[in-house]
Amino acid sequence: MRPAPDWLVPEPYTDDDLGVLRSGKEAQIDVVERSSADDPTHTCLLARKRYLPREVKAKGVLEAMGVQRASAFKNDVQYREGRQFRKTRDRRAVEQMTTHGKRLLQDRWTNHEHDVMLELWDAGVAVPYPVEFADDVFLLEYVGDHTRAAPRLAEARLQRPALEEAWAQLVEGLQDIVATGYAHADLSAYNLLWWEDRLIFIDFPQAVTIAENPGGLDFLHRDVMNVTQWFGRRGVERDGERLFAELLTYAFGSG
């Protein structure tokens, strides 16, 4: 396992909330400054991903959780295929979508993204370092600096040479992700960051294991076509079907 990065402030520390960075369909991202309790000048910035509740039945719940709205992501069944609960009671609760079942799914969503990103980090994939998770909160590396956050690829306004480099890094990253056994399952120019000439993959709660999820290859194909078409509209025309075929060799051990 790769060691934690040197920039991460070790215990003891204090965390200060610097405000909301962005809010997506399933989570709100806040910026946190972590300061060493022994040396307040030793700090680092973290992104705190707070998963949004699927349902809100009482007034004040969102405010108490520190988020601005409920989740807009509803249909996660196809992404969950291949992820099983061991206890019969838990499986039944999920199938019936009881309160306990919904809570299990919320916890599994958080744990899953952390576990996938940690595995990808260990494999050398360009993802933010996953720091820790608890309940519905996931702390990970903040990409950017004190003046601005890294833009999403869709917002970076890259010129042709940088687009060519971003494509090359995209292909390399997809090869490594697929070789690890996963498909992102929601990949687009909005789930990629561009910072200091590096392409960084983000947002993995919906990632699927290609070999275990019946739709794994379909998710991978959709990912590839989404990003290939985005690059094509900006003058970097590539064959998405050919890239998909090449990735299959990594998925099944011959890449």
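Everything that follows concerns the structure shown earlier in this document.
(A) Structural view of the overall build of the protein chain. For the protein chain, the count of helices and strands is seven helices and nine strands. Counting the 255 residues in the protein chain, one finds 46% classified as buried. For the protein chain, the share of sequence-separated contacts (at least 6 apart) that also reach a separation of at least 24 residues comes to 60%.

(B) Representation of the packing of aromatic side chains. Per the stated rule, a full pass over the model turns up four aromatic pairs. Centroid distance tryptophan 167 to phenylalanine 231: 5.3 Å. Interplanar angle 75 degrees. Geometry classified as edge-to-face. Taken together, the residues span a long stretch of sequence, with tryptophan 167 in helix H5 (residues 160-180) and phenylalanine 231 in helix H6 (residues 216-232) at a distance of 64 residues. A ring pair is formed by tryptophan 230 and phenylalanine 231, whose centres lie 5.1 Å apart and whose planes are at 85 degrees; its orientation type is edge-to-face. Overall, the relative accessible area of 8% leaves tryptophan 230 in the buried class. Among the aromatic residues, those joined into a ring-pair cluster are Trp7, Trp121 and Tyr129. Sitting over the face of the ring of tryptophan 121, arginine 2 holds its NZ or CZ atom 3.8 Å from the ring centroid.

(C) Region of the structure containing the sheet that holds strand S5 (residues 137-141). Ordered by their spatial adjacency, five strands build an open sheet running S1-S2-S3-S5-S4, and the pairing between neighbours is antiparallel. Strand pairing shows two members of the sheet lacking a second neighbour, strand S1 (13-23) and strand S4 (130-134), which therefore form its edges. Ignoring strand direction, the axes of neighbouring strands in this sheet form an average angle of 25 degrees. In terms of strand pairing, S4 meets S5 through four bridges, oriented antiparallel. Note that in S5 the partner of glutamate 132 across the bridge is leucine 139.

(D) Seen up close, the pairing of strand S8 (residues 198-201). Direction of pairing for strand S7 (residues 192-195) relative to S8: antiparallel, over a ladder of four bridges. Following the sheet pairing, tryptophan 194 is matched in S8 by leucine 199. Hairpin connection, S7 to S8: the antiparallel pair is bridged by two residues, and glutamate 196 has positive phi, about 50 degrees.

(E) Quick peek at the pattern of salt bridges. Across all of its chains, the model carries 10 salt bridges by this definition. A salt bridge links arginine 34 to aspartate 15; the nearest nitrogen and oxygen atoms lie 2.8 Å apart. Residue arginine 34 is found in strand S2 (residues 27-36), and its partner aspartate 15 is found in strand S1; the two are separated by 19 residues along the sequence. One salt bridge in this structure joins aspartate 30 and arginine 48, with 3.0 Å as the shortest N-O distance. Here aspartate 30 is found in strand S2, whereas its partner arginine 48 is found in strand S3 (residues 43-51), with 18 residues between them in sequence. Like aspartate 30, the residue arginine 48 is buried in the burial classification.

So, how was this worked out
Residues numbered from 1 in each chain as written. Predicted model: local features only at pLDDT ≥ 70, side-chain atom pairs only at ≥ 80, totals over all residues. Heavy atoms only, no water. Helix = DSSP H or I, 4+ residues; strand = E, 2+ residues; numbered from the N terminus. Buried < 20%, exposed > 50% of the residue type's maximum accessible area, 1.4 Å probe, protein only. Contact = heavy atoms within 4.5 Å. Phe/Tyr/Trp six-rings, centres within 6.5 Å; stacked < 30°, edge-to-face > 60°. Lys NZ or Arg CZ within 6 Å of the ring centre and 35° of its normal. Pairing = 2+ DSSP bridges. Axes fitted to C-alpha atoms, helices over the stretch in contact; angles between N-to-C directions. Salt bridge = Lys/Arg side-chain N within 4 Å of Asp/Glu carboxyl O.

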